[in-house]
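# Architecture and fold: a report
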Amino acid sequence: MKSEYLLSYENAPVIKTELPGPKSRKILEKQDLLETGSRTYTKQFRMAIKEASGSTIRDVDDNVFIDWFSGICVLNLGHNHPVVKKAMIDQLDRLVHINEIPTETRIEFLETLNSTLPPGLRNHSKTMFTVTGADACEAAISLARHVSRKKTVVVFGGAYHGVAGDIISATANHHYRDLAGIDRGNFYHLPYPYSYRFPLKVREEDISKAVVDQLEYLIKDPYSGPGAIGGVMVEPVQGEGGYIVPPADFLPMLREVTEKYSVPLILDEVQSGVGRTGKIWASEHSHVSPDIMCISKSIGGGIPTSMIVYREEYDRELPGGFHFGTYRGNQLALAAGTAILKYLKETDLLSRVTNKGEYIKKRLNESMELSHRVGEVRGIGFMIGVEMVKDRKSREPDMEFAQMLKTELFKSGLLMHTCGHYSNVLRHMAPLTIEDELIDRGVEIFLEGLRKIS
Ligand SMILES: Cc1ncc(COP(=O)(O)O)c(C=O)c1O
């Protein structure tokens, strides 16, 4: 990494006050008065933020935290990266918003994005802009249903595709759907090949086959139950479900069977994309090209934006106004997106993510020696999960322990979030640009915290 990009505040973390500090507490009180009580992050990370740089965040009481969070993979180049900032500021001087009418910024983004796409989509696809990750996933399933003329979409246990509209039912955690009072839509969930907790009794090497055989049965047997299958949507590496890397043969097998029956395959790269796994797109690890791909989070450098990219022949079927909306292709986000994709293509950041990711995994693996509460350490690139259990033999999930550890890490100045079916997986999702010393310092805090509460 170039030295001018070493942006984090020095000597992080620095915790000077109890948490929340006195200034933070006042701001949190005001927020409580004015903002919805349905917030979740503010219940877990009790502070108010003043500023952030690189992989560090300063709160209003001058405590400095190491950020292993990246706004849930929204800031893959970290806070205020100069390349992203410059792109946004240059664009701000010219134009912020215009509906669909082309600008040079828009075309440059589309051309740059196209140059990064999996081979089956590169030069053979169209892009449709959307606004959030959920919106992109919603557009993707609508498109799959439209082109296949079939309603049921197969999704997976542990999936998170957002909380909005119809897609809320594709997200596997029924909590969101129950809160919204929405009935289960036209989705059918198969188990994700999560080898640590796979529900079917098969050998580990047969997990992908077990899932894909089941999919084939659903597709080809009219009496299988869920109705005609109009699409399959999957995260190439599962995010909210617990940072789960499927076996290497899973996506290729999924591709094979969806191709065989001409069922559109949708890859949701909202969290795994834009370099997070050490490739620009996580699907590159398995050389699979989807028919539709969902992109969001880090592509906008912090400005909400998203898109789907899909096979160009699908475009012939689309009438004007399909999945329409006002905010499609924000100019600041597109300028940032071009700068970010070029940065990933032109620097050695991705190979750093691969090497450092392996290093972090190895270091976090030291936790297995420290505590029997650590069930598994897994991941790829900078998507690394540490799954907490009551004991290794039973593998019973230990959400309480994971939450206690998260709080302990927060008090020590490390921001780390949880995920997983039982909220029992601590996840490393630091900015890809995080400095070496903040990786080591973070690992030390993690191991110390674990030792303390075990
Ligand atoms: C894989 C995946 N898809 C979709 C979404 C939904 O994105 P958003 O929160 O922007 O609606 C997320 C959010 O975490 C995600 O991880």
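First things first, this report covers the structure right here in the doc.

Cut-offs applied
- Residues numbered from 1 in each chain as written.
- Predicted model: local features only at pLDDT ≥ 70, side-chain atom pairs only at ≥ 80, totals over all residues.
- Heavy atoms only, no water.
- 1 Å grid on protein atoms, 1.4 Å probe; cavity = no way out; pocket = protein on both sides within 12 Å on 5 of 7 lines; lining within 4 Å.
- Points joined across faces, edges and corners; volume = space filled by probe spheres on them.
- Buried < 20%, exposed > 50% of the residue type's maximum accessible area, 1.4 Å probe, protein only.
- Helix = DSSP H or I, 4+ residues; strand = E, 2+ residues; numbered from the N terminus.
- Arc of directions from axis to C-beta.
- Contact = heavy atoms within 4.5 Å.
- Near = heavy atom within 4 Å.
- Polar contact = N/O pair within 3.5 Å; in protein donor to acceptor, adjacent residues only side chain to side chain.
- Nonpolar A, V, L, I, M, F, W, Y, C, P; charged D, E, K, R; others polar.
- Pairing = 2+ DSSP bridges.
- Right-handed = clockwise from strand over helix to strand, strands pointing away.

## Observations concerning empty space enclosed by the protein
Inspection of every chain in the model, using the stated rule, returns one cavity of 30 Å³ or more. Size it by volume and the largest cavity reaches roughly 30 Å³. Lining the largest cavity are His-97, Ile-98, Asn-99, Thr-326, Tyr-327, Arg-328, Gly-329 and Asn-330.

## Structural notes on helix H4 (residues 82-92)
Looking only at H4, the buried set comprises Val-84, Ala-87, Met-88 and Gln-91. All buried residues of H4 project into a common sector of 95 degrees when viewed along the axis, lining one side. Buried residues in H4 make contact with helix H5 (104-116) and helix H11 (331-346).

## What to know about the site of the ligand
The local shell around the ligand consists of Thr-132, Gly-133, Ala-134, Tyr-160, His-161, Gly-162, Glu-235, Glu-240, Asp-268, Val-270, Gln-271 and Lys-297. At 2.8 Å, a backbone N or O of Ala-134 approaches an oxygen atom of the ligand. Measuring from a nitrogen atom of the ligand, one finds a side-chain N or O atom of Asp-268 at 2.7 Å. Here the shell around the ligand is built from residues that sort into three nonpolar, five polar and four charged.

## With respect to the pairing of strand E7 (residues 229-234)
Across the six residues of E7, six count as buried, placing the element largely inside the fold. Across three bridges, the pairing between strand E5 (residues 152-156) and E7 is parallel. Note on E7: the bridge partner recorded for Val-153 is Gly-231. Handedness of the β-α-β unit built from E7, helix H9 (residues 250-260) and strand E8 (residues 265-268) comes out right-handed.

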